[in-house]
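Descriptive structure summary
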Amino acid sequence: MSFHANAIRPHFPSLSVPAADGSLPVFLDNPAGTQVPLNVMQAVTQYYMTMNANSGGAFATSRRSDDMAGRTREAMADFLNASSPSEIVIGPNMTSLNFSLSRSIARTLSPGDEIVLTRMDHDANIAPWALIARENDLQVKWVDINTADCTLDMDSLEEALSERTKVVATVQASNAIGTVNPVKQIAGMARAVGAWHVVDAVQSAPHLPIDVQKIGCDFLLCSSYKFYGPHLGIMWGRQELLDTLPAYKVRPAKDAAPNRWENGTPSYETWNGLLACLEYWESIGADFGDANLPHDHGAGRRLNMKRGMVAVREYERQLVSALIDGLCAIPGVSIAGITDSARFDQRVPTVAMVKQGHSPDEIARYLAENHIYVWSGNYYAVEIMQRLNRPAGTVRIGIGQYNTIDEINKLLNLLDLL
């Protein structure tokens, strides 16, 4: 059975909540945060009902909470194909985790060491590194983009690397224009000069199967509220680095990874929601996945998660193809990024567009009045908008697994009338 949004939309209660005029909203704001399935909502409530306690107690609710936390790490390790659950750090959001990571790494660096950043990244994978560079007399080198198709300039990356490079921070999929970068190649280039590679996978995690072992990076960060879960950030790191880097923590806290990276009492109710989200992904693979998919991603839950992601990616590719073709047919519309369908394996279904004669904010308000939700502006991707000479940003249309071709056609018709 092939994947289709109509098969999973009933799992998402918010999709059926009508607007004031009785029509159903169209959620194309997904890159900023997806809707969540019912089992995630129920899991948060279940936590409060059956296991609401702090960690480490001898009593039943604390033991249940600790057991749930361990199972959540195990499931997240399967989602990323980590070698161990102890490589999974869970925190309030990706940005906070990356600031903790950058501050820790800064203590291992010396004046004159170099950090490589890209013009494509979200500021959550720029500011933490730029700030430690300023505070510690480090050098920042920038990797440019090819403005014609918004791909990373790999020659620029090669030129930026040197024997003084200590950190290479890159995005796997752009939150602004959807480009997917060759992170495995970048990890190899960083490793060749002795640098650590930090990957922002916030926008790739909802759309691509992620395998940290195959990528070969040293750290990878993502956010569960971008892949149909609760508001949490996740950081994967190599075990030896999580064990030895100087983490900032209170004295009584555990000194073993991953706990040494998780400051304070976690939001355990959302951890239970994350576990439910990952179980949802497993069910997608079991229900819609290709049984003939190679077993190169593991077995059991890991394989089903990959099968689910592959099935969703194929469906989303059909929708983004229709979206881009339709946008290109509307007079005055231009798209930043890859528009050739033969290259859609190099993008996720996030599309940045403008229409002549209308500001991005004006277009977003017009669509909102018609109950279609999109974002306008720079989406914290400050560098790429400056590089594209878009001071007002663009309109970002982000497809998720519950969107339909009818919703895409409704959007296109409205944009054509504008």
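The text that follows walks through the structure, step by step, so that each part is easy to find. Residue positions within a chain follow its written sequence, with the count starting from 1. In keeping with the predicted nature of the model, local features appear solely for residues at pLDDT of at least 70, side-chain atom pairs appear and are counted solely at 80 or more, and the whole-chain, interface and lining totals rest on all residues. Calculation of side-chain values draws on the structure's entire complement of heavy atoms; hydrogens and water are dropped beforehand.

**Some words on the packing of aromatic side chains**
Keep this limit in mind: Only centres within 6.5 Å qualify two rings of Phe, Tyr or Trp (six-membered ring in Trp) as a pair; their planes then separate them into stacked at under 30 degrees, edge-to-face at over 60, and tilted for everything else. Runs of H or I in DSSP of at least four residues are treated as helices and runs of E of at least two as strands, each being numbered from the N terminus. Only protein chains enter the calculation, and the probe is 1.4 Å; a residue is then buried if its accessible area is under 20% of its type maximum, exposed if over 50%, and partly exposed in between.
For the structure on display, the rule yields 13 aromatic pairs. Aromatic pair phenylalanine 3 and tyrosine 315: ring centres 5.4 Å apart, planes at 65°, arrangement edge-to-face. Of this pair, phenylalanine 3 sits in the segment before α1 (5–8) while tyrosine 315 sits in helix α11 (residues 300–328), and the two are 312 residues apart along the sequence. Neither residue differs from the other here; phenylalanine 3 and tyrosine 315 are each classed as buried. Three or more aromatic residues joined by ring pairs make a cluster, and in this case those are Phe12, Phe79, Phe227, Tyr228, Tyr280, Trp281 and Tyr402.

**As for the pattern of salt bridges**
Note the following rule: What counts as a salt bridge is simple: a side-chain nitrogen of Lys or Arg found within 4 Å of a carboxyl oxygen of Asp or Glu.
Applying the stated criterion across every chain, the model contains 12 salt bridges. For aspartate 78, the salt bridge goes to arginine 301, with nearest N and O atoms at 2.7 Å. With a gap of 223 residues between them, aspartate 78 in helix α3 (residues 60–80) and arginine 301 in helix α11 connect regions that are remote in the sequence. Of the residues examined, aspartate 78 reaches a relative accessible area of 11% and is grouped as buried. Judged by relative accessible area, which is 24%, arginine 301 ranks as partly exposed. When the shortest N-O distance is used, the salt bridge between arginine 119 and glutamate 383 registers 2.7 Å. Separated by 264 residues along the polypeptide, arginine 119 in the loop between β3 (114–118) and α5 (127–136) and glutamate 383 in helix α13 (residues 382–387) bring together distant segments of the chain.

**Remarks on the pairing of strand β10 (residues 233–237)**
Successive side chains on a regular strand alternate, one facing one side of the sheet and the next facing the other. Rules: A pair of strands is considered paired only if DSSP assigns at least 2 bridges between the two.
Burial runs high along β10: 5 of the 5 residues are buried. By the alternation rule, side chains of β10 split into Gly233, Met235 and Gly237 and Ile234 and Trp236, which are all buried. Examined bridge by bridge, strand β2 (residues 88–91) and β10 share 4 bridges and lie antiparallel to one another. In the sheet register, isoleucine 90 faces β10, and the bridge partner there is isoleucine 234. In this sheet, β10 lies alongside strand β9 (residues 219–223) in antiparallel orientation, the contact comprising 5 bridges. Its bridge partner lying in β10, serine 223 is registered against glycine 233.

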